[in-house]
Amino acid sequence: MSFTHTSHPKAAAEFVQNTNRMNWHDEALWFIRTKRDRIAQTVPDWELLRQQASEIKAHTLSKLDTYLQQFEENAIANGVTVHWAADAAEHNAIVLKLLQKVGATKIVKSKSMLTEECHLNPFLEKQGIEVVDTDLGERIVQLRNEPPSHIVLPAIHIKKEEVGQLFHEHLGTKKGSADPQYLTNAAREHLRQKFLAADAAITGVNFAVAETGGFVVCTNEGNADLGAHLAKLHIACMGIEKVIPQTKDLGVFLRLLARSATGQAITTYSSHFVKPAPGAEMHIVIVDNGRSTQLGREDFRNSLKCIRCGACMNTCPVYRRSGGHSYHNAVAGPIGAILAPNIDMKEYADLPFASTLCGSCTDVCPVKIDIHNQLYKWRQVLTREGHAPAAKKAGMKMMASVLASPKKFSFSGKMARRMLRWFPKLAVNGTLNPWGRQRELPKVPDQSFREWYKQHKKETK
Amino acid sequence: MRVALFVPCYVDQFYPNVAIATMQLLQNLGVDVDFPEQQTCCGQPMANGGFEDYTAGCNKNFIRSFTGYDYVVSPSGSCVLHVKDHLHDASNEAAATTVRTRVYELCEFLTDVLKVKQLDVSFRGRVALHQGCHGQRGLQLGSSSERMLPFFSKPMQLLQMVKDIEMVPLLRGDECCGFGGTFCVTEEAVSAAMGNSKISDYMQHNAQVLTGTDMSCLMHQEGLIRRQRLPIRVLHIAEILCGNS
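Counting restarts for each chain, with residues numbered from 1 along the sequence as it is written. All chains are assigned letters beginning with A, and all ligands numbers beginning with 1, in the order in which they are written. Local features in this predicted model are restricted to residues of pLDDT 70 or higher, and side-chain atom pairs are both shown and tallied only at a pLDDT of 80 or more, whereas totals for entire chains, interfaces and linings draw on every residue. Remark: hydrogens and water are excluded; side-chain values derive from all non-hydrogen atoms of the structure.

**Details of the overall build of chain A**
The way it works is that DSSP assigns letters per residue, a run of H or I at least four long becomes a helix, a run of E at least two long becomes a strand, and they are numbered from the N terminus. For chain A, the helix and strand inventory stands at 22 helices and ten strands. Taking the principal axes of the C-alpha coordinates as reference, chain A spans close to 90 × 55 × 45 Å. Entry remark: accessible area of chain A is about 19,700 Å², with carbon and sulfur atoms responsible for 54%. Counted as positive: Lys and Arg. Counted as negative: Asp and Glu. His and the chain ends are not counted at all. The atoms used to mark charge sites are NZ of Lys, CZ of Arg, CG of Asp and CD of Glu. Counting 60 positive and 45 negative side-chain charges, chain A places the centres of these two groups 9 Å from one another. Surface accessibility in these figures is a Shrake-Rupley result with a 1.4 Å probe; residues are shielded only by whichever protein chains are displayed.

Here it is as structure tokens:
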């Protein structure tokens, strides 16, 4: 499911308009953030663990080609077929070809943000292939014909009553029932049929281990395992940044991932896949899709350290109030806002501005990505590349000229204060000035500080 | 010790009392303070808006105004962070570097340079502290709740030296208020919603006064408070610490 483009401020304002839903969304994510805080506190040297994870990723990114080749070599030795895709189109074509080769028409898929990024579902559906997302949250948004709004909690924007209505329409549950246990059970029955009937399973990859050629998939529902073990064909899709050097590195990342994501000590399932079962096929598709470009951008390289825990979304005070869809990208929130412009600056020029640069994302990130600094840097890049609105550019130019000159500054300040005193309504008119829609302007003082200082500097000394 | 007062542009124009309080506070502590009158703005409004390239004029003027001082002190964590992170001058980078390393936010200047241990002032009221994010996370004026490190807060340390003051605990003490520079108008809906969350936290804890290290955060929250006619008085931390409020 892909997005129709609405700018972040507009989509955010729509989400904010439903105050009850916004507050509930904010509370739900804040609850997870505090759960994460509590469990992180129980880990001695949490900050050291973050540092270690960050350094392992930095090292891996500095030798990415070597580790990817080592991973490929070992995976092939294990009996796995490895494919390389330069972009989303190549990735989708490879997956389609593999499915067509065995005549697969019914596919189960566990969570993979990469396949969301590549818009694999609509691509396969056009070819007459049924793709069922088997993660419960993903299935809910799929039935609603919507993209996920969060990378770990895809349906966090939807209330249980809405799920009840949705399941009533699609799965035949009792009308008006919103009991989570009842609804989960219905989803389980429904998905079980899909698992049993599937010709192939697609999964994501959380970590690909170079030294063994194996990979790890983390889920809470066991849906990746069920899909991959029942079907004859398993296709695992991964971005090039998913590789880590050694098995022992998992001891660092698995400790951080679930704690940061949901406040759990570990995901219910951390499944290690190494080789295909007898009589079955296992394929890995390694995808670039802009990542090597990002790797080449020194200021933004660190964004590739991301392990997709979603902690930056849970902590982001903007995300919690604007909802994931306002980011109109597969990966929402602060991390999405620094990844998306790499793929399309024009399309995502609004995202780095959807932040107050409060820095909470950077402090919560388990691999220490300096997210808020990269947001600041993207703003500069986007402006230099000509993606700033003309009116803003003109305004900024004028402001810069006034603020650089003590004389112009004093004069304009005096004028502005006088205007506000004479025509206070002008500034509070919400249509002319968004500040005034919900806020009063400061009371205008008679004198600026510099005027006061001129009069009093003798006595202050 | 030559100390210059750096007054953020909007404080100069709209909150002269905050600058006066800062000056008096420093003088009460025996510091001889200058206000270089050629100063204007640190350039942050343009830079955060993506127009860092337009800040060369501001940077030059800033360096000219503050060169030669041992310390540059300002009642704003946000403006100080901007200077520390982004003040450059291609034609005189050495001078820029010197200024960058000598600029201090008011509270950290008091706790780290002057090493203030007591203040002879009193303030009656239930006070909520909003540590601006740029000061707290950027300048590390206080520990942040995301990081698993021992708690500390320089502004709180100073407020606790004030007699009779009652600091109120908050549910989400270091959540951003939603000001964010141009964000407060370009993302007006989210900005106001964030501010309102903060204010309901203060109201729930019966705070009578809101204080903080950045007048920009406070201006935004005060705007919401006044529009809703809520019984919360807003004061910059300098106004409480100088004993004149």
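From this point, the discussion proceeds with the structure in view.
**Examining the packing of aromatic side chains**
All names here are of chain B. Note on aromatic pairs: the rings of Phe, Tyr and Trp (six-membered ring only in Trp) are paired at centre separations within 6.5 Å, and the planes decide the class, stacked below 30 degrees, edge-to-face beyond 60, tilted for the rest. Throughout the structure, instances matching the rule amount to 15 aromatic pairs over all chains. Judged by centre distance (5.3 Å) and plane angle (65°), the rings of Y71 and F109 are edge-to-face. You can see Y71 sitting in strand β3 (residues 71-74) and its partner F109 sitting in helix α7 (residues 106-113), a full 38 residues away along the chain. Burial classes: relative accessible area under 20% of the type maximum marks a residue as buried, over 50% as exposed, and values in between as partly exposed (1.4 Å probe, protein chains only). Residue classification places F109 among the buried positions, given a relative accessible area of 0%.

**Section: the pairing of strand β2 (residues 106-109) of chain A**
Residue and element names in this part refer to chain A. What makes two strands pair is DSSP finding at least two bridges between them. Sheet topology note: the β2/strand β3 (residues 130-133) ladder contains four bridges and is parallel. Each residue of the ladder has a partner; that of K109, found in β3, is D133. As defined by bridge partners, β2 adjoins strand β4 (residues 200-203) across three bridges and the pair is classed as parallel. Paired with I107 across the bridge in β4 is A200.

**Remarks on the nonpolar core**
Counting residues in hydrophobic clusters, the biggest one holds 75 residues, and the most contacted among them are F207, F253, Y319, Y327, I335 and I369 of chain A. For this core, the element with the most residues is helix α12 (residues 250-262) of chain A, which contributes seven residues. Nonpolar core, defined: a set of buried Ala, Val, Leu, Ile, Met, Phe, Trp, Tyr and Cys residues in which side-chain atoms within 4.5 Å join the residues together. V7, F35, C184 and C217 of chain B belong to the second largest nonpolar core, which has 66 residues in total.

**Description of the interface of chain A and chain B**
Throughout, a residue-residue contact means that at least one pair of heavy atoms, one from each residue, lies within 4.5 Å. Listed as interface residues are 77 residues of chain A and, on the opposing side, 72 residues of chain B. Buried area counts how much accessible surface, traced with a 1.4 Å probe, disappears from two parts once they are put together, with both parts' losses summed. Around 6,600 Å² of area is buried between chain A and chain B when both sides are counted, 58% of it from carbon and sulfur atoms. Salt-bridge contacts for E440 of chain A lead to R227 of chain B; the nearest nitrogen and oxygen are separated by 2.6 Å. In protein, a polar contact requires one atom able to donate a hydrogen and another able to accept it; more generally it is a pair of N or O atoms within 3.5 Å, and residues adjacent in sequence count only if both atoms are side-chain atoms. The interface formed by chain A and chain B contains 41 residue pairs in polar contact (both at pLDDT 80 or more). Residue type decides the class: Asp, Glu, Lys and Arg count as charged, Ala, Val, Leu, Ile, Met, Phe, Trp, Tyr, Cys and Pro as nonpolar, and the leftover types, Gly among them, as polar. Its residues assigned to classes, the side of chain A that touches chain B shows 34 nonpolar, 18 polar and 25 charged. Counted as salt bridges are all cases of a side-chain nitrogen of Lys or Arg within 4 Å of a carboxyl oxygen of Asp or Glu.

**A word on the domain arrangement of chain A**
When its domains are assigned, chain A resolves into domain 1 (8-293) and domain 2 (407-460). On a C-alpha basis, the centroid separation for the pair domain 1 of chain A and domain 2 of chain A is 53 Å. An automatic or database domain assignment provides the domain bounds reported here.

**Let's talk about the sheet that holds strand β2 (residues 33-34) of chain B**
Strand pairing in a sheet relies on backbone hydrogen bonds. The paired strands run either parallel or antiparallel. Residue and element names in this part refer to chain B. Spatial ordering of the open sheet is given by β2-β1-β3-β4, a layout of four strands whose pairing is parallel. Each edge of the sheet is formed by a strand with only one pairing partner; in this case those strands are β2 and β4 (103-105). By the bridge criterion, three bridges tie β3 to β4 in an arrangement that is parallel. Paired with V73 across the bridge in β4 is Y104. Here an angle of 0 to 180 degrees is reported between the N-to-C directions of two axes, which are lines fitted to C-alpha atoms, with helices fitted over the stretch in contact. Contacting β3 and β4, helix α6 (residues 93-102) runs over the sheet at an angle of about 25° to β4.

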